[in-house]
Amino acid sequence: MISFNDLGLIAPILDALQDEGYAHPTPIQEASIPILLTSKDLIGCAQTGTGKTAAFAIPILQLLTRFQTKGQTGRDIKCLILSPTRELAIQIGESFSAYGKNLRLRHTVIFGGVSQHAQVQALQRGVDILVATPGRLLDLIAQRIVHLSQIQIFVLDEADRMLDMGFINDVKKVITRLPEQRQTLLFSATMPMEIQSLANTILQQPEKVEVTPVSSTADTIEQCIYFVEKPNKKALLHHVLKNPEIKNALIFTRTKHGADKVVKDLNKAGITAEAIHGNKSQNARQRALNNFKDGTIRTLVATDIAARGIDIDELSHVINFELPNIPESYVHRIGRTGRAGMDGKAIAFCDQEELPYLKDIQKLIGKQIPEGTDNPYPMDRTQSIAHTHQPQQKGGSRNNGRKNKNFNRKF
Ligand code: AMP
C-alpha cells in the first residue's frame, strides 16, 4: 500500500496529514494528487466520503506554496473552490485549515444566508484560497469585493448537485469571470449530459479519475434501526450492548456534551467507555483511541468531527445513538465498520425529532433500513403521526432548514 510520502508531498503537508491520523491516501487521493501536482486539468467522479476534498486540497496547498516560493506573494485570490452548499463549503474550509496548518497560505469561506460583514472583512485582509457558494460569490463580485482575475486554480465541486439545486447558471456566470489560463478541476458523483458538456467547455485535455460511490459502501454493511423515544435511548443502549456479538462499538452522538453524557451513563452501568471529541486534548483523544484499539475499553463515544480520519481495524459495530442531520455523515459513520472484508454491523436509534433525518439518510443510500426486532422500548407511533400535523415541531430548527411537510407517515 502506498503512503503519502510516495506522492512527492512537502514536509509541512506530510506532518499535518500525520497529525490528522491519515496513514494512507484513499484511492482518489492516490490517483489525483500526482496528476494535479503537474498542473493538469482533472475530472473526478467521486462522492463525499471518498476523501475527495483532500484529493484536491492537498495538491492545491502544495502548488500555491510553490508559487509563493517563486515570489508570488501578493494576497490576490489564486484558487477558487465552488461548493453547492454551505455545509460542504465549511467542511472544505476545515480541510484547508487542517492540511495547510504548517503553511503560510490563507483561506476563507463565503456563503449566503448570513450577514456578509465578517466575510467581507476576511476577504479584505487578503486570502489565497476562497471557498464559496455561487450566489454569495456573485453578490460579492457585483459589489467589487471579490476579484477573480488572478485565479490560477479553479475547482467545481459536486457539479451534479449544482445542477440539481438550480445553480448551474450561476456557476456559468462565475466561470466567465475567470482567466482563460488556469488549472480546472471538476468533481461530480454522476455525469449527467449537462455536466459532461460543461466539462467539455471548461476543461482542457483533462485526466479522468473515478472511484466507487460512497452509497455502495453502505450496501456491504448490515444495518438496522430502532425507533425509540429520546428518554429511553440510554436504556435501549444498555439492552443492545448485552449482545455478546458486539465485541467493540463506536458510538456516535451529535454533540460533545451528548458524548460525555453517554460515557458517564455507560460507565455507571459497568460498560467500559471513553469519549473523543474536540474539547479533549490531543493526548486524551489518542489515549482513548489506543484503549479502544487494544480492547481496554469496549465502547468509544465520538462526535463526527472527532471521528474524522480515525481508522480502526476490526470494529464490529457502529451505533448511531443520535442520527446525524447531514445524511452523508451517516454513510461516513457506518463506513468505519466492515473494513477490509470484515463483517460490520451498524445500529441506529431514531427518536421522533430525528425522523426527518432518517428520511434523508434513506434517500441518500437508496434503501429502507430494516427495523431491529428486539426492541423493549418502542416508539409511540401514534405520536409521530400527530407530529406530522404540527407546523412548529419542537426541535425543527435543528432540521437543517428542511420542511417536515413530506414527513413519512408510515413512521
Ligand atoms: P471527503 O470525501 O473529502 O468528505 O472525506 C471523507 C472523510 O475521510 C473525511 O472525514 C476526511 O477527514 C477523511 N479522510 C480523507 N482522507 C483520508 C485519509 N487518507 N485517511 C483517513 N481519513 C481520510
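Please refer to the structure higher up on the page.
The notes below deal with the structure included here. (Residues numbered from 1 in each chain as written. Predicted model: local features only at pLDDT ≥ 70, side-chain atom pairs only at ≥ 80, totals over all residues. Heavy atoms only, no water.)

Thoughts on the pairing of strand β4 (residues 129–132)
Burial along β4 is two-sided: Ile129 and Val131 and Leu130 and Ala132, pointing in opposite directions, are all buried. With respect to chirality, the unit in which strand β3 (residues 107–110) leads through helix α5 (residues 117–125) into the neighbouring parallel β4 is right-handed. (Buried < 20%, exposed > 50% of the residue type's maximum accessible area, 1.4 Å probe, protein only. Helix = DSSP H or I, 4+ residues; strand = E, 2+ residues; numbered from the N terminus. Right-handed = clockwise from strand over helix to strand, strands pointing away.)

Some details on the environment of alanine 259
Residue position: alanine 259 is located in helix α12 (residues 256–268). As for alanine 259 and histidine 277, which are separated by 18 residues in sequence, their C-alpha atoms are 7.8 Å apart. If we skip the residues at most four places from it in the chain, alanine 259 touches Thr253, Ala275, His277 and Val301. (Contact = heavy atoms within 4.5 Å.)

As for the packing of helix α15 (residues 327–334) against helix α16 (residues 355–365)
One can describe the packing of α15 onto α16 by two numbers: an axis separation of 8 Å at closest approach and a directional angle of 70°. As the angle between them shows, α15 and α16 are arranged roughly perpendicular. The element α15 and its partner α16 pack so that their crossing is right-handed. Contact residues: Pro327, Glu328, Tyr330 and Val331 in α15; Asp360, Ile361, Leu364 and Ile365 in α16. Looking at side-chain class alone, the contact of α15 with α16 contains six nonpolar, no polar and two charged residues. (Axes fitted to C-alpha atoms, helices over the stretch in contact; angles between N-to-C directions. Parallel < 35°, antiparallel > 145°, perpendicular 65-115°, else oblique. Left-handed = near helix turned anticlockwise from the far one by under 90°. Nonpolar A, V, L, I, M, F, W, Y, C, P; charged D, E, K, R; others polar.)

What to know about α12
The terminal C-alpha atoms of α12 lie 19 Å apart, and with 13 residues this matches the ideal 18 Å at 1.5 Å per residue to within 8%. Considered for burial, the residues of α12 that qualify are Gly258, Ala259, Val262, Val263, Asp265 and Leu266. For α12, the elements touching its buried residues are α11 (233–240), β9 (249–252), β10 (273–276) and β11 (299–302). In the segment just after α12, glycine 270 is the residue with positive phi, at about 80°. (Expected span 1.5 Å × (residues − 1).)

Focus: the packing of helix α6 (residues 134–142) against helix α8 (residues 168–176)
A packed helix pair is summarised by two numbers, namely the angle formed by the two axes and the spacing between the axes. Two numbers describe how α6 lies on α8: the axes approach to 9 Å, and their chain directions differ by 40°. If you check the angle between α6 and α8, you find them oblique. Where α6 crosses over α8, the handedness of that crossing is left-handed. Residues Pro134, Gly135, Leu137 and Leu138 of α6 pack against Asp170, Val171, Lys173 and Val174 of α8. A per-class count over the contact of α6 with α8 returns five nonpolar, one polar and two charged.

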